[in-house]
Amino acid sequence: MPPSQFPSFFDIWPQETSWKIERLSGEIVASAPAGTYTPPIDKVEVPVSVQSDEEYIFVIEDGSGDGIAGIGMLYVLKMTDHPEIVLLEGDGVFNGNRTETFYVPREAEYPTSAPVPPTVSPVPTALTIKVNLTIIFDDWHQETSWKIVAENDPSIVFAEAIVDTYRAGDNVTETIFLPPGQSYVFTIQDYFEDGIEGGSYIMVSEDGKILAQGDGNFGAERFHQFTLPTVP
């Protein structure tokens, strides 16, 4: 049986979530009843063994009938040795339950190559300045996104973290390398337009100068303009 991995992300009520994988005959091959996961857990990865060239039924349920609060793909079943092969995935908008059928391919059906991940952060060079961005989250990490663009041309993105990038942890610090002697606009956004409850953010240069700073009370978004000095 090819091993598979089932990572799932939770909202602040993980005890409400249950799931099972069963054969078409009704035989259950893996499951987690309600109450298996309890706070403060926000992510779990479960190994699952499934048979190649066979169909299965996946059922996920929420005890309160309102799904898993959050955005983006909140669960995915993929091949352990070939993570590019996604057997199923889904968001948290399923109210009481969701049922899906998926097929496990034979090795001969595997793709010949995996997609190349995009490069999302600048590469440090002798002609860049290091800045650090620290964000303190609320319980809804995945709602937060940010980007740094050129002030004179917003289509030029120097660094960004899109919605659904962050899933866990109280805070994150990102190290970013930017060309000197230029002006930038830093934008922080919240998907549901209610900011980061009780959170905050700060961006500082390597010499300790504050480039952008604020609390989480920014609604949908907030902008900061800053300029980096030229390199002597």
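For the structure, check the block above.
Summary of the structure given here. (Residues numbered from 1 in each chain as written. Predicted model: local features only at pLDDT ≥ 70, side-chain atom pairs only at ≥ 80, totals over all residues. Heavy atoms only, no water.)

## A few points about unusual backbone geometry
In this chain, Pro39 is followed by Pro40 through a cis amide linkage whose omega measures 10°. Looking at the element boundaries, Pro40 is found in the loop between strand S3 (28-32) and strand S4 (43-49). Phi angles above zero are rare outside glycine, and Asn95 is one such case at about 55°. Its location among the elements puts Asn95 in the loop between strand S7 (86-90) and strand S8 (97-104). We classify Asn95 as exposed; its relative accessible area is 51%. Positive phi outside glycine occurs at Glu193, with the angle close to 60°. Positionally, Glu193 belongs in the loop between strand S13 (183-190) and strand S14 (200-205). With a relative accessible area of 57%, Glu193 lands in the exposed category. (Helix = DSSP H or I, 4+ residues; strand = E, 2+ residues; numbered from the N terminus. Buried < 20%, exposed > 50% of the residue type's maximum accessible area, 1.4 Å probe, protein only.)

## Digging into the nonpolar core
If you look at the biggest cluster of nonpolar residues, it comprises 26 residues, and the most contacted ones within it are Ile135, Trp146, Ile148, Leu178, Phe186, Met203 and Phe226. At the level of elements, strand S9 (129-136), strand S10 (144-150), strand S11 (153-161), strand S12 (171-178), S13, S14 and strand S15 (210-215) are the ones that each hand at least two residues to this core. Broken down by element, the residue count for this core peaks at 4 residues, all from S9. Among all residues touching Phe226, those that are not within four sequence positions of it are Ile148, Leu178, Gln182, Ser183, Tyr184, Phe186, Met203 and Leu211. Ala32, Phe58, Met79 and Ile85 belong to the second largest nonpolar core, which has 25 residues in total. (Core = buried A, V, L, I, M, F, W, Y, C linked by side-chain atoms within 4.5 Å. Contact = heavy atoms within 4.5 Å.)

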